[in-house]
Amino acid sequence: MKALIYDGGLKISEIEKPVPEKGMALVKILYSSICNTDIEIIKGYMGFKGVLGHEFAGEVVSENSRFYGKKVVGEINCACGKCLMCLNNIPKHCFERGVVGIYNYQGVFADYISLPEKNLHEIPEGLDLLSAVFTEPLAAACEIFESAGVRPDDKVFIFGAGKLGLLIAQVFKLSGCDYTLFARSDARVDFARSLGLNSKKLADCGPTEKAGICVDCTGNPEGIKIAMDRLLPRGTLVLKTTVARPEKIDLNQIVINEYKIIGSRCGPFAPALRLLGSGLVSVKPLIAKMFDFKDIIGAFEYAGNPGALKVIIKHF
Ligand SMILES: [Zn+2]
Ligand SMILES: [Zn+2]
C-alpha cells in the first residue's frame, strides 16, 4: 500500500499493508486531515519517524470485525490495557501506548491502518465523512471542560483562532460561558464572527482585560506567555499548544498569582460525534483546501502557511 513516510523528509512510499491482530480491525482510509501536530513533527516534535497522520474517517474492511462495512473514526491512543494508567481507566496515559502517527504507531496518511476495535467509533447516520474527519480535534476541544472543570459562569479567553481555536470557541459558545476568541488579523476576526463567534483582535485586548480561564491554542511557542498575561490571579491556564521548540516561562508568576496550569490533549469522541451529528458545531467552513493523496506533499506545504485552515486529503 502507499503511505506518506517522514524520515527527516517527506516521501510517498510503498509499504506492507498491516495485518490486524486479534481485537484489531483494518480500516481503509477515505479522508484524512493535516493537524498542527503533523507540521510540528516534521520540525522535530516527538522525534517521530514513520507514517504520519492521526485525523481520519474510513471504512472497516476486516470481515471478522463487528465494525465490518461500517464507516468509522478512531481514537489515537493505542493502550496496553494492563498498566497502572489503563487499570485506572485512563488509557490515553498508558505507559506503553502508541499514538497514531505521533509516537510508536503507524499513522493514517496511508491506504490502510490497523487499529484496536476499542478505539473505533461508528460515524452516526446522517453525518458526512468530511465533517467526521473533525472528530479528533473537536474531541480535543471538548476535553478542556473535563480537565479545567469549566462552569457556565466562567469568563474565558481563547488565544489563537486557528483550526483548533475555532473549534474550541464553538464549544465554549454552547457552554454559556462569557468567552472571547482572540485573533491576530482583522480577516480572522471577521471569519470567526461569520461563524457566530465572539471574536476580537489580540491588539485590541487592553492590559487590564483578564479572565479566570485562558486557553492557549495559538500553536506558537510564545502563546503561553500571551495567555498567562491575561489570566486573573488563581485562574486556570489551559495549554493546548505542542511545538518542536518550546518557550521558557517565568514560573514565579505561577507561584505569585497562584495559577493552575492544565495540560490538555486528546478528548472524548462520543460527545464530539454528537456535536457534529446534530450540527451544533460547524466545521465545513474550516476546510481550506482538499488534495488527492498523491499530492499530499504539496498539501503539507499549503498547510504549513501561517494561519492556514484545515487541509483535507482524499484517499479514493
Ligand atoms: Zn490533531
Ligand atoms: Zn497501559
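First things first, this report covers the structure right here in the doc. Remember, it's a predicted structure, so these values are computed and weren't measured experimentally. (Residues numbered from 1 in each chain as written. Chains lettered and ligands numbered in written order. Predicted model: local features only at pLDDT ≥ 70, side-chain atom pairs only at ≥ 80, totals over all residues. Heavy atoms only, no water.)

1. Thoughts on the packing of helix α4 (residues 135–147) against helix α9 (residues 269–277)
Keep this limit in mind: Every axis in this analysis is a line fitted to C-alpha atoms, fitted for helices over the stretch in contact. Angles between the N-to-C directions lie between 0 and 180 degrees. Each helix is a run of DSSP H or I of at least 4 residues and each strand a run of E of at least 2, with the numbering of both proceeding from the N terminus. Each angle gets one of four labels, with under 35 degrees taken as roughly parallel, over 145 as roughly antiparallel, 65 to 115 as roughly perpendicular, and the rest as oblique. Handedness of a helix crossing follows the sense of rotation of the near helix relative to the far helix, less than a right angle counterclockwise being left-handed and clockwise being right-handed. Any pair of residues with heavy atoms lying within 4.5 Å of one another is described as a contacting pair. Three categories are distinguished: nonpolar for Ala, Val, Leu, Ile, Met, Phe, Trp, Tyr, Cys and Pro, charged for Asp, Glu, Lys and Arg, and polar for the others, with Gly belonging to the last.
The interhelical angle for the contact between α4 and α9, taken along N-to-C directions, is 110°, at an axis separation of 8 Å. The angle between α4 and α9 falls in the class roughly perpendicular. α9 is crossed by α4, and the crossing has right-handed handedness. Residues T135, E136, L138, A139 and C142 of α4 pack against F269, A272, L273, L275 and L276 of α9. In terms of residue class, the contact of α4 with α9 is made up of eight nonpolar, one polar and one charged.

2. Topic: the coordination of the zinc ion (ligand 2)
Just so we agree on the cut-off: Only nitrogen, oxygen and sulfur atoms qualify as donors, provided they sit within 2.8 Å of the metal or within 3.2 Å for Na, K and Ca; with water excluded from the atoms, sites may seem incomplete. Geometry assignment treats four donors as tetrahedral when all angles are between 85 and 135 degrees, treats four as square planar and six as octahedral when opposite donors are over 155 degrees apart and all others between 65 and 115, and treats everything else as irregular.
The protein atoms that coordinate the zinc ion (ligand 2) are C80 (SG), C83 (SG), C86 (SG) and C94 (SG), at distances spanning 2.3 to 2.4 Å. Seen from the zinc ion (ligand 2), its four donor atoms lie at angles of 102 to 118°, and the figure they make is tetrahedral.

3. Structural notes on the side chain of S33
Stated formally: Throughout, exposure labels follow a simple rule: accessible area from a 1.4 Å probe, protein chains only, divided by the maximum for the residue type, with under 20% read as buried, over 50% as exposed, and the rest as partly exposed. Throughout this description, a polar contact denotes any pair of N or O atoms lying within 3.5 Å of each other; where both atoms belong to protein, one of them has to be capable of donating a hydrogen while the other can accept it, and for residues adjacent in sequence the pair is counted only when both atoms sit in side chains.
For S33, the location among the structural elements is in strand β3 (residues 24–34). Exposure remark for S33: the relative accessible area of 1% places this residue in the buried category. Among the polar contacts made by the side chain of S33, one reaches the side chain of E55 at a distance of 2.7 Å. Residue contacts for S33: discarding those within four places in its chain leaves D38, E55, F109, V133, K310, V311 and I312.

4. As for the side chain of D154
Structurally, D154 can be placed in the loop between α4 and β11 (155–159). In terms of polar contacts, D154 uses its side chain to reach the backbone amide nitrogen of R151, at 2.6 Å. Every residue in contact with D154, bar those within four places of it in the chain, is listed here: G149, C177, D178 and I213.

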